[in-house]
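Residue-level structure breakdown
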Amino acid sequence: GLLSGHQAVVAKRRNYYIESVYNHYSQTFDGKHFDICRDILRETQPEYVSAWDELMCSRSAHIFNMFVMRADVFDAYCSWLFPILEELERRVDTTSYDSFANRFVGRVSERLLDPWLKVNDIDFTELPVVSPEPVDWNAKVKGFLAAKFLGKKYSKSF
């Protein structure tokens with residue numbers, strides 16, 4: 001199988017053709033989530049900051065929190081990831097957040113995978129992501145353009 005030759009299988013990299021990972025997130029959600037996450041890394045896991053910064057400037061990322069890993073690799077990833085997410089949740093004021101905005105921890109966690117894979121030199125392969133649900137491309141494009149040019153943050157999934 002795929003794991004016999006690799007430590008992990010991850011979702012195929014998603015491309016952001018016209019902007020960076022950071023710019024896309026900060027236009028569609030709240031960029032302070034990424035800023036706070038970077039602060040946490042700087043304070044607790046400084047060896048990951050350069051990989052985080054590289055990802056933030058990149059135009060692609062492995063997202064969706066979809067992967068298969070050997071048990072030891074998965075345990076190491078979770079042991080690293082969850083303390084960061086718990087601290088992020090503690091530092092972000094969510095009193096004005098609705099249920100959609102409150103999913104920020106999951107969104108940030110998606111972006112932590114690539115820095116962890118890089119710093120830990122994890123050998124991985126990719127598989128394409130197939131959704132059984134149709135994508136409303138018209139709404140998705142309109143939502144993106146409203147975020148990019150009108151400053152309207154996402155308030156729902158597309």
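What you see is a predicted model; the values in this text were computed from it and never measured.

What follows is about the overall build of the chain. Check the secondary structure of the chain and you find six helices and five strands. From first element to last, N terminus to C terminus, the chain shows the α and β order β-β-α-α-α-β-β-α-α-β-α. A compact globule built from 158 residues would reach a C-alpha radius of gyration of about 15 Å, and the chain, at 16 Å, matches this within 12%. Judged by the C-alpha coordinates and their principal axes, the chain covers about 45 × 35 × 25 Å. Expressed as a percentage of its 158 residues, the buried residues of the chain come to 41%. Sequence-distant contacts, at least 24 apart, represent 80% of the contacts inside the chain between residues at least 6 apart. Of the charged side chains in the chain, 20 are positive and 22 negative, and the gap between their average positions amounts to 8 Å.

This model, assessed by the stated rule, comprises twelve aromatic pairs. Ring geometry for Tyr48 and Trp80: centres 4.6 Å apart, planes at 40 degrees, overall tilted. Of the two residues, Tyr48 is situated in the loop between helix H2 (32-44) and helix H3 (49-57) and Trp80 in helix H4 (residues 71-91); the sequence distance between them amounts to 32 residues. Tyr48 gets classed as buried once you look at its relative accessible area, which sits at 5%. Here Tyr97 and Phe104 contribute two aromatic rings whose centre-to-centre distance is 5.8 Å and whose plane-to-plane angle is 85 degrees, an arrangement assigned as edge-to-face. Each member of the pair Tyr97 and Phe104 is classed as buried. The ring centre of Phe100 lies 4.4 Å from the NZ or CZ of Arg107, which sits over that ring.

This brings us to the sheet that holds strand S5 (residues 124-127). As summarised here, the arrangement of the three strands in space is S4-S1-S5, forming an open sheet in which the pairing is mixed. At either margin of the open sheet sits one strand with a lone partner, and together these are strand S4 (67-69) and S5. Neighbour to neighbour, the strand axes of the sheet diverge by 20 degrees on average, direction disregarded. Inspection of the sheet shows strand S1 (residues 8-11) paired to S5 by four bridges, in the parallel sense. In the strand pairing of S5, Ala8 is matched with Phe124. Across the sheet, helix H5 (residues 104-119) is in contact with S1, S4 and S5; its angle to S4 comes to roughly 35 degrees.

Counted under the stated rule, the structure contains eleven salt bridges. One salt bridge connects Asp30 with Lys32, and the closest N-O pair in it is separated by 3.8 Å. Glu110 is the partner of Arg111 in a salt bridge, and the nearest nitrogen-oxygen pair spans 3.0 Å. In terms of burial, Arg111 and Glu110 fall into one category: buried. Several salt bridges share partner residues, and in doing so they unite Asp39, Arg42, Glu43, Glu87, Arg90 and Arg91 into one network.

This part is about the pairing of S1. Looking along a regular strand, one sees the side chains alternate between the two faces of the sheet. Judged from the three bridges that link them, S1 and S4 form a sheet pairing that is antiparallel. Across the sheet, the residue bridging to Ala8 is Met69, located in S4.

Within the secondary structure, Glu110 is located in helix H5. A distance of 2.8 Å separates a polar side-chain atom of Glu110 from the backbone nitrogen of Phe64. Only 3.0 Å separates the side chain of Glu110 from the side chain of Arg111, close enough to count as a polar contact. Apart from residues lying up to four places away in sequence, Glu110 is in contact with His62, Ile63, Phe64 and Asn65.

At their nearest, the axes of H2 and H4 sit 10 Å apart, and the two run at 125 degrees to each other. Our classification of the angle between H2 and H4 gives oblique. Here H2 runs over H4; the crossing is right-handed. For the pair H2 and H4, contact is made by His33, Ile36, Cys37, Asp39, Ile40, Leu41 and Glu43 and by Trp80, Ile84, Glu87, Leu88 and Arg91, respectively.

Rules behind the numbers
Residues numbered from 1 in each chain as written. Predicted model: local features only at pLDDT ≥ 70, side-chain atom pairs only at ≥ 80, totals over all residues. Heavy atoms only, no water. Helix = DSSP H or I, 4+ residues; strand = E, 2+ residues; numbered from the N terminus. Rg over C-alpha atoms; globule rule 2.2 N^0.38 Å. Buried < 20%, exposed > 50% of the residue type's maximum accessible area, 1.4 Å probe, protein only. Contact = heavy atoms within 4.5 Å. Lys, Arg positive; Asp, Glu negative; His and termini not counted. Charge placed at Lys NZ, Arg CZ, Asp CG, Glu CD. Phe/Tyr/Trp six-rings, centres within 6.5 Å; stacked < 30°, edge-to-face > 60°. Lys NZ or Arg CZ within 6 Å of the ring centre and 35° of its normal. Pairing = 2+ DSSP bridges. Axes fitted to C-alpha atoms, helices over the stretch in contact; angles between N-to-C directions. Salt bridge = Lys/Arg side-chain N within 4 Å of Asp/Glu carboxyl O. Polar contact = N/O pair within 3.5 Å; in protein donor to acceptor, adjacent residues only side chain to side chain. Parallel < 35°, antiparallel > 145°, perpendicular 65-115°, else oblique. Left-handed = near helix turned anticlockwise from the far one by under 90°.

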